[in-house]
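# Structural overview
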Amino acid sequence: AQKITQTQPGMFVQEKEAVTLDCTYDTSDPSYGLFWYKQPSSGEMIFLIYQGSYDQQNATEGRYSLNFQKARKSANLVISASQLGDSAMYFCAIGEIQGAQKLVFGQGTRLTINP
Amino acid sequence: DAGVTQSPTHLIKTRGQHVTLRCSPISGHKSVSWYQQVLGQGPQFIFQYYEKEERGRGNFPDRFSARQFPNYSSELNVNALLLGDSALYLCASRLGTGRSNQPQHFGDGTRLSIL
């Protein structure tokens, strides 16, 4: 079975600072994908970034980067130059490389950006 | 292009009733997944359909069922509703079942309240 652990229930950060959201995972699958989603208070889940277990380089998408440490089974999300609009719930998820891609989500971290 | 659309946005039912939730995927996407998100938790996988066939099922009772139509839209049905079925139901679509760097894109969800 796959499992995601997000140990930070809430984080408060000043605008324009960088922030790291922690995610550790557990899986017995040799190959897998790691995903981060953002969920504003309106409810929709917005895809942010993906990292494949065999990818050699850390993924980056604009202000988002994923600090992937396979040996430690961690996939932390880094948001650079935070903005007020980044305030939301952030979920880390793990899924299969192919097939149904049944995503297993963590409990989430509520990020609040202060002006 | 339109994103994933779900209807209705909100629904109130009483215990024992039946409910049908609907989802239209992004144009060209053939895979649809359903998730249940209870307040304060991450989403939990319910079903995945691809080319009208069930390709994955989560740990949910038989009261939950789904189907996918020839136009790739999908319905989630829940019978004999319980108070614990109160949740945000999210639909996600994906291009296919190939490489996992094709992420799932979520709709805004249907918020179901059971009285």
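The preceding data block contains the structure.
These lines cover the structure that appears in this document, whether it is placed above or below. (Residues numbered from 1 in each chain as written. Chains lettered and ligands numbered in written order. Predicted model: local features only at pLDDT ≥ 70, side-chain atom pairs only at ≥ 80, totals over all residues. Heavy atoms only, no water.)

## Regarding the overall build of chain A
Looking only at helices and strands, chain A features zero helices and twelve strands. In sequence order, the secondary structure elements of chain A are arranged as β-β-β-β-β-β-β-β-β-β-β-β. The C-alpha atoms of chain A give a radius of gyration of 14 Å, which matches the 13 Å a tight globule of 115 residues would have. The dimensions of chain A, computed from C-alpha atoms along their principal axes, are 45 × 30 × 20 Å. Looking at the 115 residues of chain A, the share that counts as buried comes to 50%. If you take every contact in chain A between residues at least 6 apart in sequence, the share linking residues at least 24 apart comes to 54%. Considering chain A, the positive charge centre built from 9 side chains and the negative charge centre built from 10 side chains are found 3 Å apart. (Helix = DSSP H or I, 4+ residues; strand = E, 2+ residues; numbered from the N terminus. Rg over C-alpha atoms; globule rule 2.2 N^0.38 Å. Buried < 20%, exposed > 50% of the residue type's maximum accessible area, 1.4 Å probe, protein only. Contact = heavy atoms within 4.5 Å. Lys, Arg positive; Asp, Glu negative; His and termini not counted. Charge placed at Lys NZ, Arg CZ, Asp CG, Glu CD.)

## Quick notes on the nonpolar core
Judged by nonpolar contacts, the single largest core of 25 residues is most densely connected at L34, W36, I49, L77, Y90 and L111 of chain A. If one sorts the elements of this core by residue count, strand 10 (residues 88-95) of chain A sits on top with four residues. Among the nonpolar cores identified, the runner-up in size contains 22 residues, and F64, V78, A87 and L112 of chain B belong to it. (Core = buried A, V, L, I, M, F, W, Y, C linked by side-chain atoms within 4.5 Å.)

## A word on the packing of aromatic side chains
Overall, the coordinates contain 13 aromatic pairs over all chains when judged by the stated rule. For the ring pair F105 of chain A and Y35 of chain B, a centre distance of 5.8 Å and an interplane angle of 90 degrees mean the geometry is edge-to-face. Here F105 of chain A is found in strand 11 (residues 104-105), whereas its partner Y35 of chain B is found in strand 4 (residues 31-37) on a different chain. Here F105 of chain A matches Y35 of chain B in class, with each residue buried. An aromatic cluster of three or more residues is present, and its members are Y37, F47, F91 and F105 of chain A together with Y35, F45 and F106 of chain B. (Phe/Tyr/Trp six-rings, centres within 6.5 Å; stacked < 30°, edge-to-face > 60°.)

## Overview of the state of the cysteines
Residue and element names in this part refer to chain A. Taken as a whole and assessed by the stated rule, the structure comprises two disulfides over all chains. What pairs with C23 in a disulfide is C92, and their sulfur atoms sit 2.0 Å apart. On the S-S bond that ties C23 to C92, the torsion sits near -60 degrees, and the link is left-handed. Of this pair, C23 sits in the loop between strand 3 (19-21) and strand 4 (24-26) while C92 sits in strand 10, and the two are 69 residues apart along the sequence. Across the pair, exposure class does not vary: C23 and C92 are buried alike. (Disulfide = S-S within 2.5 Å.)

## Some details on the pattern of salt bridges
Within this structure, the stated rule accounts for ten salt bridges over all chains. Linking D86 of chain A and R63 of chain A is a salt bridge whose minimum nitrogen-to-oxygen distance equals 2.8 Å. Taken together, the residues D86 of chain A in the loop between strand 9 (74-79) and strand 10 and R63 of chain A in the loop between strand 7 (60-61) and strand 8 (64-69) connect sequence positions 23 residues apart. Of the charged contacts in the structure, one is a salt bridge between K30 of chain B and E51 of chain B, with a shortest N-O distance of 3.7 Å. Here K30 of chain B, found in the loop between strand 3 (19-24) and strand 4, pairs with E51 of chain B, found in the loop between strand 5 (44-50) and strand 6 (53-57); they are 21 residues apart in sequence, far enough to count as distant. (Salt bridge = Lys/Arg side-chain N within 4 Å of Asp/Glu carboxyl O.)

Just geometry here; none of it tells us what the structure is for.
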